[in-house]
Amino acid sequence: MLARLLTCAALLTMTTFTATAALPPGITQGPSVEGVTQYQLANGLKVLLFPDATKPATTVNVTYMVGSRFESYGETGMAHLLEHMLFKGTPSIPSVFVELGKRGMNFNGTTWLDRTNYHETFAASDDNLDWALKMESERMVGSTFSKAELDTEMTVVRNEFEMGENDPSNVLVQRMQSVMFDWHNYAHDTIGARSDIENVPFANLRAFYSKYYQPDNAVLVIAGKFDAERTLGLVARYFAPIARPTRVLAKEYTAEPVQDGERTVTIRRVGSQQLVSAMFRTPAGPAPDGAAMAALTQIMTVAPSGRLYKALVDSHKATGVDSYFFELHDPGMVLFESQLNLTDSIPAARDALTSTLTGVKEQPITEAELARVRAKEVKGFNDTINDPQKFGVRISESIAQGDWRLMFIDRDRWAALKPADVTRAAADYFKQANMTLGEFIPDAKPDRAPLGAPVDIVALVKDYKGDAAVAAGESFDTSPANLEARTERFTLPNGMKVALLPRRTRGATVNFDLRLDYGDVNSLMNQSSVAAATADMLARGTAKHDRQAFEDALDGMLAKLNFDANGQVMAASGQTVRAHLPELLALTAEALEQPTFSPSEAEKMQREWLSALEQGRTDPASVARREVGRVNNPYPRGDIRYAPTLDEDIAAAKAVTPAAMKAFHDKFYSGANAQLAIVGDFDPVAVRAQLAMLFGTWSTATPYARVAHPLVPNKAAALTFATPDKANSTMRGVLSAPINDRAKDFAALAVAERVLGGSTESRIFQRVRERDGLAYGVGTGLRPASIDENSTVIFYAIFAPQNLARVKTGFSEEIARALQGGFTAAEVDSAKKAMLENRTRARGQDNALADALTDQAYLGRTWSDSARMDAAIAAVTVDDANAALRKYINPADIAYVYAGDFPKQ
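Residues numbered from 1 in each chain as written. Predicted model: local features only at pLDDT ≥ 70, side-chain atom pairs only at ≥ 80, totals over all residues. Heavy atoms only, no water.

Q: Before we go on, may I ask you to explain the overall build of the protein in this structure?
A: Counting its regular elements, the protein contains 32 helices and 23 strands. Viewed in the frame of its principal axes, the protein has a C-alpha envelope of about 70 × 65 × 65 Å. Counting every position in the protein, which comprises 905 residues, the buried fraction comes to 59%. Nonlocal contacts in the protein, meaning residues at least 24 apart in sequence, comprise 81% of its contacts between residues at least 6 apart. One finds the centroid of the 96 positive side-chain charges in the protein at a distance of 2 Å from the centroid of its 109 negative side-chain charges. (Helix = DSSP H or I, 4+ residues; strand = E, 2+ residues; numbered from the N terminus. Buried < 20%, exposed > 50% of the residue type's maximum accessible area, 1.4 Å probe, protein only. Contact = heavy atoms within 4.5 Å. Lys, Arg positive; Asp, Glu negative; His and termini not counted. Charge placed at Lys NZ, Arg CZ, Asp CG, Glu CD.)

Have a look at this one:
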């Protein structure tokens with residue numbers, strides 16, 4: 001489960017039309033809050049504009065106030081099914097899926113209890129924005145999906161339903177919802193009942209579409225880089241002609257009564273992990289207690305200081321805890337989950353879970369606990385408000401709750417929140433009679449929670465102005481030539497290579513990426529698990545900060561910091577704001593150079609690790625990923641290139657000790673073979689001096705030599721692994737290709753792979769998902785090598801076990817058709833355009849730029865190599881793509897792994 005995103009105060013630039021600027025006919029201007037301005041069309045459509053010229057991308061999001069809450073008997077899952085159907089055709093677009101893929105747009109649609117939204121993010125351009133708005137206006141009321149398309153897509157949605165059935169946590173939450181609510185539609189999970197998905201009448205779906213997909217039931221959000229005046233003109237051009245509907249949406253009147261006693265749920269299924277969960281009824285998201293409940297949710301489970309974390313994880317009653325507050329239009333729910341090993345005691349975990357939750361009144365929330373989670377909310381809100389794509393999608397939740405301005409009001413409530421408010425919310429709602437758990441116990445005198453009162457949203461948001469605004473960042477040219485001109489490269493005395501790319505950003509954000517290379521093929525023998533554990537422990541305690549103090553320091557800096565290790569590389573990435581970059585860099589150096597490898601933290605890390613490994617034992621996707629890595633692997637056990645079995649991984653994880661991690665760190669960690677890149681809002685002169693002080697003399701005598709990954713010729717395989725009682729199955733295939741990304745025909749191979757299966761407009765996707773309706777996720781991927789001539793083409797599908805033969809046929813026939821008949825010039829041109837759009841958009845993301853700069857430093861490259869690849873892609877002809885496909889893709893050499901419940905078929 002995920003914690004909510006909203007947080008603290010962030011300052012924005014407000015952009016509205018002046019009194020002298022005329023609005024397009026039929027559009028009126030409404031309230032403005034912190035750079036977000038509302039407009040309204042005569043047909044009822046609300047429009048929110050949030051300009052941000054600092055990033056070269058634009059996000060268009062349309063939120064419809066319809067979700068599973070609005071479904072009728074026998075029609076559960078209809079809102080979600082309809083979401084899928086709106087990626088079919090419109091009067092001028094035969095397939096929305098195909099056209100989005102052609103334009104290289106990052107897109108999705110999501111359905112939740114109170115709303116459905118569609119969004120696409122694309123490289124900022126007049127053409128892209130014009131097309132996106134035209135497309136959204138057409139599918140608002142003119143989607144042309146047919147009965148035949150429903151019959152095909154139904155099986156795709158059913159496949160998605162089956163994926164959820166593979167997840168024990170998802171299944172348990174579904175059942176708890178259904179038991180918790182007697183009458184309200186929040187009892188129904190958004191995916192719906194399998195029988196409804198399979199049998200919903202086409203006429204009912206069209207009627208549902210006509211009723212709710214109307215301009216007076218929608219909010220259009222445009223965020224990112226665009227011209228506001230021109231954009232409003234496009235909105236008027238495409239949306240104003242849609243007539244205001246004559247139908248009137250009926251007001252809902254079903255109100256859920258107060259819960260009158262504990263409720264229990266028990267699920268018995270195949271699995272590798274135990275779960276104990278508790279769910280309580282809560283007030284609606286906009287209610288006065290909404291922020292208090294959100295804070296309380298985080299205080300319970302934040303690691304390592306959360307109350308449930310201490311009561312369950314620290315005491316070894318569970319391997320992990322999680323929580324989720326459903327912030328909804330109507331009174332909803334909050335979930336607390338604990339994950340247990342198979343040998344852990346369920347009664348002990350259940351008692352610790354319930355006593356901790358219901359005991360808040362006797363142990364009131366402290367100021368320190370509230371301050372800790374408030375700092376995380378500040379960081380989360382800033383992340384959202386400084387990213388147009390996140391903002392455009394996130395504000396859908398506030399729209400669904402009643403008004404977009406609730407996003408800012410909630411932030412203000414967080415700022416004003418007191419520990420007593422949080423304690424009172426816990427006392428009101430965390431009661432035995434208000435809990436859904438695993439048992440039912442009669443109670444002669446039930447202590448019932450209060451019924452959530454209606455919230456007057458109009459009165460709540462009236463005259464709300466929000467905080468003041470601050471200046472935005474610069475409009476940034478992301479061409480390779482400009483990036484190269486803006487990049488400063490140098491080497492520290494110990495050999496660490498550094499790249500700096502300063503630029504002004506909204507919110508003064510800054511990102512860094514660090515790559516540390518170590519060891520050789522002999523010194524790293526039997527060290528893979530120790531290497532991974534060492535990286536995991538870096539943020540769990542240093543000579544100056546224990547784990548909690550480390551987390552508190554990050555929150556105080558509004559920062560993120562992550563460490564990971566794979567093969568010969570330890571990678572670190574971080575994000576903060578300009579004012580806190582020196583502190584974050586110092587903390588990063590402290591973690592890298594002075595970790596303590598606390599025995600107690602090491603034990604907790606080990607339990608978490610083992611629990612995650614065991615969970616993958618019966619999961620089809622995990623089994624397939626592991627086993628396909630073992631196919632054709634020639635290396636001996638202990639070699640860092642070896643792919644271990646699950647039991648070997650578990651044994652190695654159990655053998656890791658604090659002493660082994662410290663020895664690994666002392667031997668291998670050094671800045672001598674490292675690359676560091678910083679991108680964003682910072683002072684390069686001050687940073688250069690600080691880096692020399694922090695890392696300039698950090699070195700070790702242990703030599704580094706890159707371990708080669710030469711081509712291992714592929715041998716065909718078709719291996720099947722049984723995962724009993726799983727409704728979904730997974731296919732993974734691999735094919736080694738003797739090529740790297742410097743090869744003359746690499747761009748042609750990349751284009752060919754995208755046309756074959758690498759996008760929603762690809763041959764395999766259109767066949768297996770769109771035409772045959774067999775798989776929720778399906779396609780191909782290309783993992784390029786940069787040094788050794790050993791790239792990998794991946795084939796994948798997630799599908800119902802009974803469809804195995806048809807999925808195999810779909811892949812084999814489409815690969816054969818491509819090899820025999822070749823691709824068309826139109827397919828190749830479309831793929832090239834989308835790939836170049838994606839590369840342009842990626843160069844607008846600071847974290848992606850930092851990652852690219854560390855890669856360049858390691859490989860000895862510059863941004864001219866990025867320009868070279870752009871040019872190579874643009875130059876690919878249809879003959880080039882077909883030649884590369886036939887040269888590198890031989891279906892007889894593909895090694896496939898299938899994992900699922902195939903024996904019953």
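Q: Explain the pattern of salt bridges to me, please; I cannot follow it from the model alone.
A: Side-chain pairs of opposite charge can arise where the charged atoms are in close proximity. One pass over the full model with this rule turns up 69 salt bridges. The salt bridge involving Arg424 is made with Asp428; its shortest N-O contact spans 3.6 Å. You can see Arg424 and its partner Asp428 sitting in helix H15 (residues 419-429), four residues apart, about one turn around the helix. A relative accessible area of 24% means that Asp428 is categorised as partly exposed. What emerges from the salt-bridge pattern is a single network uniting Asp314, Asp536, Arg540, Arg547, Glu601, Lys604 and Glu608. (Salt bridge = Lys/Arg side-chain N within 4 Å of Asp/Glu carboxyl O.)

Q: Teacher, can you tell me more about the pairing of strand S16 (residues 560-566) here?
A: Where a strand is regular, its side chains alternate between the two sheet faces. Residues Leu561, Phe563 and Ala565 line the buried face of S16, whereas the alternating positions Lys560, Asn562, Asp564 and Asn566 sit on a face that is not buried. Bridging between S16 and strand S17 (residues 569-577) involves seven bridges; their strand directions are antiparallel. Looking at S17, one finds that Phe563 is bridged to Ala572. Counted between consecutive antiparallel strands, the loop separating S16 from S17 contains two residues, among which Gly567 sits at a positive phi close to 65 degrees. (Pairing = 2+ DSSP bridges.)

Q: I'm lost on the sheet that holds strand S13 (residues 488-491) in this one. Help?
A: Pairing between sheet strands relies on hydrogen bonds along the backbone, with the strands arranged either parallel or antiparallel. Spatially, the six strands line up as an open sheet ordered S13-S14-S18-S15-S17-S16, and their pairing is mixed. The sheet terminates laterally at S13 and S16, the two strands that pair on one side only. Put simply, the sheet's adjacent strands are angled 10 degrees from each other on average, direction ignored. (Axes fitted to C-alpha atoms, helices over the stretch in contact; angles between N-to-C directions.)

Q: Explain empty space enclosed by the protein to me, please; I cannot follow it from the model alone.
A: If a probe the size of a water molecule is rolled over the atoms, the empty space left behind becomes visible. Using the criterion set out here, one finds four cavities of 30 Å³ or more in the structure. Lys379, Asn382, Asp383, Asn386, Thr509, Leu558, Gln575, Thr576 and Val577 are the residues that line the second largest cavity. Mapped onto the lining of the second largest cavity, the elements with two or more residues apiece are helix H12 (367-385) and S17. Partitioning the lining of the second largest cavity into residue classes produces two nonpolar, five polar and two charged. (1 Å grid on protein atoms, 1.4 Å probe; cavity = no way out; pocket = protein on both sides within 12 Å on 5 of 7 lines; lining within 4 Å. Points joined across faces, edges and corners; volume = space filled by probe spheres on them. Nonpolar A, V, L, I, M, F, W, Y, C, P; charged D, E, K, R; others polar.)

Q: I tried to follow the packing of aromatic side chains on my own but got confused; where do I start?
A: Centre-to-centre distance and the angle between the planes together describe a pair of aromatic rings. Taken as a whole and assessed by the stated rule, the structure comprises 29 aromatic pairs. With a centroid separation of 5.4 Å and 90 degrees between ring planes, the pair formed by Tyr518 and Phe664 is classed as edge-to-face. Of the two residues, Tyr518 is situated in the loop between strand S15 (509-517) and helix H18 (528-537) and Phe664 in helix H24 (residues 658-668); the sequence distance between them amounts to 146 residues. Here Tyr518 matches Phe664 in class, with each residue buried. Aromatic pair Phe695 and Trp698: ring centres 6.3 Å apart, planes at 40 degrees, arrangement tilted. We note that Phe695, like Trp698, is buried. Three or more aromatic residues link up through ring pairs in this structure, and these residues are Tyr64, Phe87, Phe97, Phe107, Tyr118, Phe145, Phe202, Tyr209, Tyr213 and Phe765. Positioned above the aromatic ring of Phe87 is the side chain of Arg139, whose terminal nitrogen or guanidinium carbon lies 4.9 Å from the ring centre. (Phe/Tyr/Trp six-rings, centres within 6.5 Å; stacked < 30°, edge-to-face > 60°. Lys NZ or Arg CZ within 6 Å of the ring centre and 35° of its normal.)

Q: What should I look at first to understand helix H19 (residues 547-556) in this one?
A: In an α-helix, one turn spans 3.6 residues, which is why side chains three or four residues apart end up on the same side. Those residues of H19 that sit buried are Arg547, Gln548, Phe550, Ala553, Leu554 and Asp555. In this structure, the buried side of H19 is in contact with helix H10 (307-314), H12, S16, helix H20 (581-593) and helix H21 (599-615). Measuring from the backbone nitrogen of Gln548 back to the side-chain oxygen at the start of H19 gives 3.3 Å, which picks out Asp546 as the cap. Phi turns positive one or two residues past the end of H19, at Leu558, with a value near 55 degrees. (Polar contact = N/O pair within 3.5 Å; in protein donor to acceptor, adjacent residues only side chain to side chain.)

Q: Looking at this structure, I do not really get the confidence of the model for the protein. What am I missing?
A: Do not read the fine detail of predicted coordinates wherever pLDDT is low. Averaged over all residues, the pLDDT of the protein equals 92, while 96% of them reach at least 70. The low-confidence segment residues 1-16 (pLDDT under 50) makes 75 contacts with residues lying over four places distant or belonging to another chain. A low-confidence stretch, residues 439-443 stays under pLDDT 50, and its non-local contacts, those more than four residues away or across chains, total seven contacts. (pLDDT = per-residue confidence, 0-100.)

Q: Teacher, can you tell me more about the packing of helix H26 (residues 746-757) against helix H29 (residues 825-842) here?
A: Look at H26 against H29: their axes get within 9 Å of each other, and the N-to-C directions meet at 105 degrees. In terms of orientation, H26 lies roughly perpendicular with respect to H29. On the side of H26, the interface is formed by Ala750, Val751, Arg754 and Val755, while H29 contributes Glu827, Val828, Ala831, Lys832, Ala834, Met835 and Asn838. Class assignment of the residues belonging to the contact of H26 with H29 gives a composition of seven nonpolar, one polar and three charged. (Parallel < 35°, antiparallel > 145°, perpendicular 65-115°, else oblique.)

Q: So what exactly am I meant to see when it comes to the nonpolar core here?
A: In a soluble, globular protein the nonpolar side chains are often hidden away together inside. If you look at the biggest cluster of nonpolar residues, it comprises 103 residues, and the most contacted ones within it are Leu133, Leu220, Phe239 and Phe795. It is H26 that provides the largest number of residues to this core, a total of nine residues. Residues in contact with Phe239, not counting those within four places in the same chain, are Leu41, Asn43, Leu45, Leu133, Glu136, Ser137, Met140 and Leu220. (Core = buried A, V, L, I, M, F, W, Y, C linked by side-chain atoms within 4.5 Å.)

Q: Honestly, helix H9 (residues 290-301) in this entry has me stumped. Any pointers?
A: With 12 residues, H9 ought to run about 16 Å at 1.5 Å a step, and its terminal C-alpha atoms sit 18 Å apart, in line with that. With respect to burial, H9 is a largely interior element, 12 of its 12 residues being buried. The set of residues buried in H9 consists of Gly290, Ala291, Ala292, Met293, Ala294, Ala295, Leu296, Thr297, Gln298, Ile299, Met300 and Thr301. (Expected span 1.5 Å × (residues − 1).)

Q: Quick question: what am I supposed to make of the sheet that holds strand S19 (residues 717-722) here?
A: Strand order in the open sheet made by the five strands is S19-S23-S20-S22-S21, with mixed pairing throughout. Every other strand in the sheet has two partners, leaving S19 and strand S21 (775-783) as the edge strands with one partner each. Pairwise comparison of adjacent strand axes, ignoring direction, gives a mean angle of 10 degrees for this sheet. Running over the sheet, helix H22 (residues 620-630) touches S19, strand S20 (729-737) and strand S23 (895-900) and is turned about 20 degrees from S20.

Q: Looking at this structure, I do not really get the side chain of Asn511. What am I missing?
A: Along the chain, the position of Asn511 falls in strand S15. Looking at Asn511, the relative accessible area reads 8%, which means it is buried. Once residues lying within four places of it in the same chain are set aside, the contact partners of Asn511 are Gly574, Gln575, Ala677, Ile678, Val679, Asp846, Asn847 and Ala850.

Q: Please clarify how the packing of helix H3 (residues 126-141) against helix H8 (residues 228-239) should be interpreted in this entry.
A: What describes two packed helices is the angle between their axes and the distance between those same axes. Orientation of H3 relative to H8, taken along the N-to-C sense of each, is 30 degrees, at an axis distance of 9 Å. Here H8 runs roughly parallel to H3, going by the angle between their axes. Both H3 and H8 take part in a crossing whose hand is right-handed. On H8, the residues touching Asp126, Leu129, Asp130, Leu133, Lys134, Glu136, Ser137 and Met140 of H3 are Arg230, Thr231, Leu234, Val235, Arg237, Tyr238 and Phe239. Considered class by class, the residues forming the contact of H3 with H8 number seven nonpolar, two polar and six charged. (Left-handed = near helix turned anticlockwise from the far one by under 90°.)

Q: It is not clear to me how the pairing of strand S22 (residues 791-799) should be interpreted in this structure. Could you clarify?
A: The buried count for S22 comes to seven of nine residues, which makes it a mostly enclosed element. Where S20 meets S22, nine bridges bridge the pair, whose relative direction is antiparallel. Across the sheet, the residue bridging to Ala737 is Ser791, located in S22. As defined by bridge partners, S21 adjoins S22 across eight bridges and the pair is classed as antiparallel. Counted as the bridge partner of Val778 is Ala797 from S22.

Q: Can you help me understand the environment of Ser315 in this one?
A: Looking at the element boundaries, Ser315 is found in the loop between H10 and strand S10 (320-326). Along the chain, Ser315 and Ala349 lie 34 residues apart, while their C-alpha atoms are 9.7 Å from each other. At 3.3 Å, the side chain of Ser315 forms a polar contact with the backbone oxygen of Leu312.

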